[in-house]
Amino acid sequence: MAAVRGLAPYVPGKPAAELERELGISGVAKLASNENPYGPSPRALAAMRAALEQIWLYPDGASHDLKQQLARHLGVGVAQLTVGNGSNDLLVLLAEAFLSPAHNAVFSQYGFAIYRIVTQATGARCIEVPALDRGSGMPLGHDLAAMADSIGADTRLVFVANPNNPTGTWGSPASVKRLIERAPASTLVVLDEAYVEYGRERGSQDGIAWLPEHPNLVILRTFSKAYGLAGARVGYAISHPEVAEALNRLRPAFNVNSVAQAGAVAALEDQAHMRRTVSVTLQELTRVEAALGALRLWCAPSACNFLLVHIGSQAERVYERLLRVGLIVRPVAGYGLPEYLRVSIGLPQENDRLLRELAALVK
Ligand SMILES: *Cc1c(COP(=O)(O)O)cnc(C)c1O
């Protein structure tokens with residue numbers, strides 16, 4: 001199929017074990033995939049271990065307990081929820097449900113890479129809207145007004161990551177709301193809130209309050225980032241019940257395994273753990289950003305658990321040198337940002353290691 005042959009695959013962060021094998025070393029720090037180094041709530045781990053005892057049973061295909069818990073936590077109806085194998089799964093389902101070669105999807109330059117992949121896989125056209133420039137109020141961020149201008153009669157999906165990966169940038173609540181108001185009823189606005197738990201602390205607002213008035217709004221969340229469950233693969237969509245019904249009809253019956261469901265329920269119950277890890281991570285983010293500034297390295301504003309750092313023409317070489325000392329960060333040349341590296345905020349001693357090595361490499 002031509003659409004599949006034309007796909008450029010997603011390039012994930014290099015696994016720590018792979019680098020350890022290649023270099024024959026241990027103690028590699030992975031600061032490449034925006035995981036939460038503090039891990040999930042101990043209650044989530046206990047629930048997952050308990051769930052293993054019944055691993056011979058198929059999971060609950062309806063994710064009943066998790067949806068009940070989410071509905072209560074979010075103040076939405078169970079019929080508004082779709083649970084996925086990570087929010088990546090929901091991005092695929094949204095594209096499959098709403099796109100065809102006759103349609104297009106709008107997203108931002110430097111928007112999350114998966115938007116392009118899921119769009120192209122359906123044969124639909126990608127409309128990539130230039131990002132805000134370095135001198136703007138939100139350098140490299142989404143130009144939400146221009147994105148709204150780009151919506152045409154054949155636009156079925158608009159992907160907005162708020163805050164965005166790999167830039168860390170976010171839109172003001174008024175500018176996000178304005179885009180949603182400008183989208184016609186035939187266009188779904190997919191508000192990807194993978195980093196909402198971090199963003200909330202930095203002036204980025206979630207979109208739940210806009211759902212009742214905007215049946216074409218779809219919000220995506222994940223347990224992979226702040227909840228520390230990236231390996232378990234759980235994400236969810238909050239939408240109008242009709243959209244949820246379409247996604248639920250399309251998804252594989254057992255797309256979320258029983259261990260993951262149990263972990264997500266328990267993680268959600270322990271908000272205190274999640275908030276503590278978000279809070280220490282944001283403190284570290286502030287510290288790392290200041291230290292990079294002292295090295296004269298510019299970072300995009302971030303409301304996430306990572307920083308997009310401007311290294312310059314040596315970015316690729318710096319990435320390779322960091323690998324050799326056991327530090328994995330993320331090259332973003334594939335995003336059209338060849339002079340940048342994205343670094344996830346790790347444990348304080350990992351961040352110190354990164355700052356030390358960077359200082360030696362860029363001086
Ligand atoms: C990490 C991430 C996701 C998805 O993660 P899952 O692990 O599939 O839930 C979605 N959107 C953005 C912007 C992300 O950075």
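Residues numbered from 1 in each chain as written. Predicted model: local features only at pLDDT ≥ 70, side-chain atom pairs only at ≥ 80, totals over all residues. Heavy atoms only, no water.

### What to know about the nonpolar core
- If you look at the biggest cluster of nonpolar residues, it comprises 83 residues, and the most contacted ones within it are Leu179, Phe223, Ile238, Leu292 and Leu307.
- No other element matches the eight residues that helix 11 (residues 258-269) contributes to this core.
- Counting contributing residues, this core receives three or more from each of domain 1 (13-34 + 272-362) and domain 2 (42-270).
- Ranked by size, the runner-up nonpolar core spans 34 residues in total, among them Leu94, Val118, Cys126 and Leu140. (Core = buried A, V, L, I, M, F, W, Y, C linked by side-chain atoms within 4.5 Å. Buried < 20%, exposed > 50% of the residue type's maximum accessible area, 1.4 Å probe, protein only. Helix = DSSP H or I, 4+ residues; strand = E, 2+ residues; numbered from the N terminus. Domains from an automatic or database assignment.)

### Let's talk about the state of the cysteines
- Going through the model one piece at a time under the given rule, you end up with zero disulfides.
- Free cysteine: Cys304, not disulfide-bonded; nearest cysteine sulfur from Cys299 at 13 Å.
- Its relative accessible area of 0% is what places Cys304 among the buried residues. (Disulfide = S-S within 2.5 Å.)

### Notes on the sheet that holds strand 2 (residues 81-84)
- The strand order 2-8-7-6-5-3-4 describes an open sheet built from seven strands, whose pairing is mixed. Among the strands making up the open sheet, the edge pair consists of strand 2 and strand 4 (125-129). Strand-to-strand, the axes of this sheet are offset by a mean angle of 20°, without reference to chain direction.
- By the bridge criterion, four bridges tie strand 6 (residues 188-192) to strand 7 (residues 217-222) in an arrangement that is parallel. (Pairing = 2+ DSSP bridges. Axes fitted to C-alpha atoms, helices over the stretch in contact; angles between N-to-C directions.)

### With respect to the site of the ligand
- Within the structure, the ligand sits among Gly86, Ser87, Asn88, Phe112, Asn165, Asp192, Ala194, Tyr195, Thr222, Ser224, Lys225 and Arg233.
- A distance of 2.7 Å separates an oxygen atom of the ligand from a polar side-chain atom of Tyr195.
- The contact in question runs from an oxygen atom of the ligand to an N or O atom on the side chain of Ser224, over 2.5 Å.
- Relative to its unbound accessible area of 380 Å², the ligand is 93% covered by the protein chains.
- Considering each element in turn, the shell around the ligand owes the most residues, three residues, to helix 5 (residues 86-98).
- When the residues that make up the shell around the ligand are grouped by side-chain class, the tally is three nonpolar, six polar and three charged. (Near = heavy atom within 4 Å. Polar contact = N/O pair within 3.5 Å; in protein donor to acceptor, adjacent residues only side chain to side chain. Areas by Shrake-Rupley, 256 points an atom, 1.4 Å probe, with all protein chains shown as cover. Nonpolar A, V, L, I, M, F, W, Y, C, P; charged D, E, K, R; others polar.)

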